[in-house]
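So you can see what is in the structure, the chains are spelled out below.
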Amino acid sequence: MLQVTALHKAYGPIKAVEGLSLHIAQGECYALLGPNGAGKTTTINVLSGLLKPDSGTLRIAGLDPLTQKRKTQSIIGVVPQEIALYEELSARQNLHFWAGLYGLSKEELKRKTNEALQRIGLLDRADHPMQSFSGGMKRRVNIAAAILHQPRILFMDEPTVGIDPQSRYHIYELIEELHAEGMTILYTTHYMEEAERLCDRIGIMDRGTLIAEGSLRELRAGVSGQSKISVECSAPIGQKAAGQLSLQFAHRIQVEAGSLVLQTDCIQQDISALMQLFAEHQLAIQHLEVSQSDLESVFLELTGRELRD
Amino acid sequence: MKGLRNILHKDLLLFAADKRAIALTFLLPIALIAIFYFAFGGSVSGGNNPVLSLVLTDLDQSTASRELVTRLDTLRGLRLEETAEANSRDAVAKGRRAAALIIHPGFADSLQMGSGTALELIYDSGRSMEVGILAQLLSASISPYTGAIQGQARAKRQMMQQFGMDESTASSLLAQMGTASAEGPPPAFRTSEISAERNNDFSLIQAVAGTAVMLLLFSVAGMGAGLLSERESGTLKKLLYAPISPMIILTGKFSASLLIAIAQLMLMFLFAALAFGLDLGRNIPALLLMIFSTAMVCASLGMLLASIARSRKQLDGMSTMLILTMSAIGGSMMPVVFMPAFLQKLALGTVNYWSIQGFYDIYWRNLPFSAVLDNAGILLGLSLVLMTISALMFRRNLDRLL
């Protein structure tokens, strides 16, 4: 559905996107994850025809956005980072206006607006002005405005910025519904949990470059020792037991703040081994905690920086 | 076209939803028209020594008439233009000059006969302040001259008739006496108003036309600012994601501004008719043409300002300065005729001038439809130029707008 090859875009001396290549299949939800300034929004602006790339080739559903701009724009939907709605108009008037730009007939507009309002749970507030809506409600209308014309691919540029967790949850559900219906989605975010929860594949972008790409499992597997098992014992570990632990887990085990911390790639297997060893030495486990590696640690390992930097 | 219609419809909805904008667009102008009407009505007095223009036709071509022309030509504060009678009358009729002095045939003889002078001042009563100053200036210069000749002629006649002197003796005696004893009654020139029929009040037309154009400029500058608001709120960027040309966005906003501007002007003239009795129906086609061309040029200026300005603050400052300057020079705040000559020349470069003069032509000078074609043509031409520059600037600055 979307094919980008060697995309370059610079603003004067600043290279916003450098050699980006990605492929998104029909019906796939793909996350572009990266900190602010990574080049995510520039990528969306280029793909949606707002900016001309310096070089690279683009194909969206077989169309070239550079030479077939209007045609391409008619099959894409964009949810911008800003809540780009007219505050003085009602939700219905906003949706009518935005969908009207895509050439929908009067009847279609009426029907689809009602469907969209129903879908985002705002049918009862349809005729209220936007300025009376909460941030989360506005975000939902913002998304509805981008999907009324039934685009073949939806670009969502950080669509949950600045809203409360409950509203965010509503939006996740909406995106999951769209994904389940087969819509192709390119989703940019700097929230790990969004990428993990919503997307089939994740591309990690930093300083204009795609530095890693794959499913969450593949990305985790690509970095070493990300998961940790922490064990707190009720009594001090004897020398014999300590020796056996060192022998069995070598450099993967260490003592941190009175707890044994084991770095692992295979959680279940290592927990079994630990339990058996503790039983042999009649050690009682007071507390056991498993922390799985996440995208944060993947990003940290890949860039040497935290994602929020 | 559907995109254009959508944007136009949306902008009209946004305007309708903004109660403050409606009040500023329609109620403020009405209030100001009333204020300016009363202000102009009560202020037709005094002057500040402006340079006045007078067209003159000498049909007598005698020594006395040529001497009078020479005297007038040396007057400070008066710019004299000598031309044929038809041109003089036309200049006043079409509002190019406030008054014309016609020296009729027999002027010299009338002085010798001591009868009323064959001088006629034709004037535009709509420019009563200017004409009043002019009449005073002319009187002060003409009276001593014609009075002296008439007095001498009267005295000579008396000497010859009552004392039996011959003409050369009487002339010689008068020459010795000088002009001291030759004071005659001040000769008045005949005055006549050039337009045959006046149905409207000059101050009302000045108030309506002047205020209407000035406030319309402010309104459309505010509407043009809508483009910057769209940029700030992110809706402009979202519009550019849609499959429509950026020019459709600009044209849509321009069309909304144009429609509101036309409504605003119509309401102002309607108010003047209902509240102050402006004879609105005098020349409806000409009025509609002037309203349309004025709205076009004002809306274009609003678009240009919005395309140039980088921020709302910049736009506010720029538009306030430009509009107030144009209004002051162009005749919105006071009639152009009271201004110094160099400002009157500068006025030609303002939207206000061409528009206000067009409305004068319709309602004061009672000129036919063809008379406003020049003004409307200039306004529409200017509109085209402004819109072209706006389009180029908008396209050029598109990246910056995102």
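Residues numbered from 1 in each chain as written. Chains lettered and ligands numbered in written order. Predicted model: local features only at pLDDT ≥ 70, side-chain atom pairs only at ≥ 80, totals over all residues.

Colleague: Could you clarify how one ought to interpret the overall build of chain B in this entry?
Modeller: A tally of regular secondary structure across chain B gives 16 helices and five strands. The proportion of buried residues among the 402 residues of chain B is 44%. Sequence separation of at least 24 residues holds for 81% of the intrachain contacts in chain B that already meet a minimum separation of 6. (Helix = DSSP H or I, 4+ residues; strand = E, 2+ residues; numbered from the N terminus. Buried ≥ 20, exposed ≤ 12 C-beta atoms within 10 Å, placed from the backbone. Contact = placed C-beta atoms within 7 Å.)

Colleague: Can you help me understand the pairing of strand S1 (residues 52-58) of chain B in this one?
Modeller: For a regular strand, side chains alternate in direction, first toward one face of the sheet and then toward the other. All names here are of chain B. Within S1, five of the seven residues are buried, which leaves the element mostly enclosed by the surrounding structure. By the bridge criterion, five bridges tie S1 to strand S2 (residues 78-82) in an arrangement that is parallel. Residue Leu52 lies in a different strand from S2, and its bridge partner there is Leu78. Since S1 and S2 lie parallel, the crossover through helix H3 (residues 63-73) that links them has a hand, and here it is right-handed. The pairing of S1 with strand S3 (residues 99-103) spans four bridges and is classified as parallel. Bridged to Val55 within S3 is Ala100. (Pairing = 2+ DSSP bridges. Right-handed = clockwise from strand over helix to strand, strands pointing away.)

Colleague: Looking at this structure, I do not really get unusual backbone geometry. What am I missing?
Modeller: For residues besides glycine, phi is generally negative; the peptide bonds are generally trans as well. All names here are of chain A. Phi at Ala61 is positive, roughly 50 degrees, even though this residue is not glycine. Residue placement: Ala61 occurs in the loop between strand S4 (55-60) and helix H2 (69-75). The backbone phi angle of Glu158 is positive, close to 45 degrees, even though this residue is not glycine. Note on placement: Glu158 falls in the loop between strand S6 (153-157) and helix H6 (165-180).

Colleague: Looking at this model, I keep getting lost on the sheet that holds strand S1 (residues 2-11) of chain A. Mind explaining?
Modeller: Sheets are built from strands that pair by backbone hydrogen bonding, the pairs being arranged parallel or antiparallel. All names here are of chain A. Taken together, three strands build an open sheet; the order of strands is S2-S1-S4 and the sheet is antiparallel. Across the chains shown, the open sheet's two edge strands, defined by having one partner strand only, are strand S2 (14-24) and S4. This sheet shows a mean twist of 20 degrees between the axes of neighbouring strands, independent of strand direction. Contacting S1, S2 and S4, helix H1 (residues 40-47) runs over the sheet at an angle of about 65 degrees to S2. (Axes fitted to C-alpha atoms, helices over the stretch in contact; angles between N-to-C directions.)

Colleague: How should I be thinking about the sheet that holds strand S11 (residues 253-256) of chain A in this particular structure?
Modeller: Residue and element names in this part refer to chain A. Spatial ordering of the open sheet is given by S11-S12-S10-S13, a layout of four strands whose pairing is antiparallel. If you trace the sheet from one side to the other, it starts and ends with S11 and strand S13 (285-291), each paired once. When the angles between neighbouring strand axes are averaged without regard to direction, this sheet yields 25 degrees. Of the pairings in the sheet, the one linking strand S10 (residues 227-233) to strand S12 (residues 259-264) comprises five bridges and is antiparallel in character. When the bridges of S12 are listed, Lys228 appears paired with Gln263. The strands that helix H10 (residues 267-280) touches are S10, S12 and S13; relative to S10, the one it contacts most, it runs at about 20 degrees.

Colleague: Just checking my understanding: could you explain the packing of helix H8 (residues 202-233) of chain B against helix H12 (residues 312-330) of chain B for this structure?
Modeller: Residues and elements named next belong to chain B. Following both chains from N to C, one finds H8 and H12 inclined at 160 degrees, their axes separated by 10 Å at the closest point. Classified by the angle between their axes, H8 and H12 sit roughly antiparallel to one another. In this structure, H8 meets H12 at a crossing whose hand is right-handed. Residues Met214, Leu217, Phe218, Ala221, Ala225 and Leu228 of H8 lie in contact with H12, whose contacting residues are Arg312, Leu315, Ser319, Ile323 and Ser327. The class makeup of the residues in the contact of H8 with H12 is eight nonpolar, two polar and one charged. (Parallel < 35°, antiparallel > 145°, perpendicular 65-115°, else oblique. Left-handed = near helix turned anticlockwise from the far one by under 90°. Nonpolar A, V, L, I, M, F, W, Y, C, P; charged D, E, K, R; others polar.)

Colleague: Explanation requested: the interface of chain B and chain A in the structure shown.
Modeller: When the parts of a complex come together, some accessible area is lost, and that lost area is often used as the size of the interface. If you look at the interface, chain B gives 19 residues, while chain A gives 18 residues. For the side of chain B that touches chain A, the elements supplying multiple residues, two or more each, are helix H1 (2-17) and helix H9 (235-241) of chain B. When residues of the side of chain B that touches chain A are assigned to their parent elements, the largest contribution, seven residues, is made by H1 of chain B. A per-class count over the side of chain B that touches chain A returns nine nonpolar, five polar and five charged.

Colleague: Even after reading the chapter, I still don't get the nonpolar core, so can you show me in this structure?
Modeller: Proteins that are soluble and globular tend to have nonpolar side chains buried together. Among the nonpolar cores identified, the biggest contains 153 residues, and Leu154 and Ile185 of chain A together with Val208, Leu217 and Cys298 of chain B are the most heavily contacted of them. No other element matches H8 of chain B, which puts 18 residues into this core. With residues up to four places along the chain from it excluded, the contact list for Ile185 of chain A reads Cys29, Tyr30, Leu154, Met156, Ile175, Leu178 and His179 of chain A. Judged by nonpolar contacts, the second largest core, of 26 residues, contains Leu52, Ala98, Ile133 and Leu134 of chain B. (Core = buried A, V, L, I, M, F, W, Y, C linked by C-beta atoms within 7 Å.)

Colleague: It is not clear to me how the packing of helix H3 (residues 91-100) of chain A against helix H4 (residues 106-119) of chain A should be interpreted in this structure. Could you clarify?
Modeller: Axis angle and axis distance: for two packed helices, these are the angle between their axes and the distance between the axes, and together they describe the pair. Residues and elements named next belong to chain A. Relative to each other, H3 and H4 sit at 125 degrees, their axes nearing to 10 Å. By the angle between their axes, H3 is oblique relative to H4. With respect to the hand of their crossing, H3 and H4 are arranged in right-handed fashion. Mapping the contact onto sequence places Ala91, Arg92, Leu95, His96, Ala99 and Gly100 in H3 and Leu109, Lys112, Thr113, Ala116 and Leu117 in H4. Counted by class, the contact of H3 with H4 contains six nonpolar, three polar and two charged residues.

Colleague: Help me out: how do you make sense of the confidence of the model for chain B in this one?
Modeller: Low pLDDT means the predicted atomic positions in that stretch should not be read closely. Residues and elements named next belong to chain B. Counting all residues, the mean pLDDT for chain B is 80, and 85% of those residues have values of 70 or more. Model confidence for chain B, summarised as mean pLDDT per element, is weakest for strand S5 (residues 190-193) at 66 and strongest for helix H15 (residues 373-396) at 92. Every residue in residues 42-49 is under pLDDT 50, and counting partners more than four places away or in other chains gives six contacts. With pLDDT under 50 throughout, residues 179-187 is counted as low confidence; its partners more than four residues away or in other chains account for 20 contacts. Quick note on the complex model: pTM equals 0.67, ipTM equals 0.76. (pLDDT = per-residue confidence, 0-100.)

Colleague: Even after reading the chapter, I still don't get the pairing of S11 of chain A, so can you show me in this structure?
Modeller: All names here are of chain A. The sheet contact formed by S11 and S12 spans four bridges and is antiparallel. Counted as the bridge partner of Glu256 is Ser259 from S12. Hairpin geometry of S11 and S12 is characterised by an intervening segment of two residues between the two adjacent antiparallel strands and by a positive phi of about 50 degrees at Ala257.

Colleague: What exactly am I supposed to notice about the environment of Phe394 of chain B here?
Modeller: Residue and element names in this part refer to chain B. With respect to the helices, strands and loops of the structure, Phe394 is situated in helix H15. Spatially, the C-alpha atom of Phe394 lies 8.4 Å from that of Pro246, the residues being 148 residues apart in sequence. With sequence-adjacent residues up to four places away left out, Phe394 is seen in contact with Pro246, Leu250 and Ser307.

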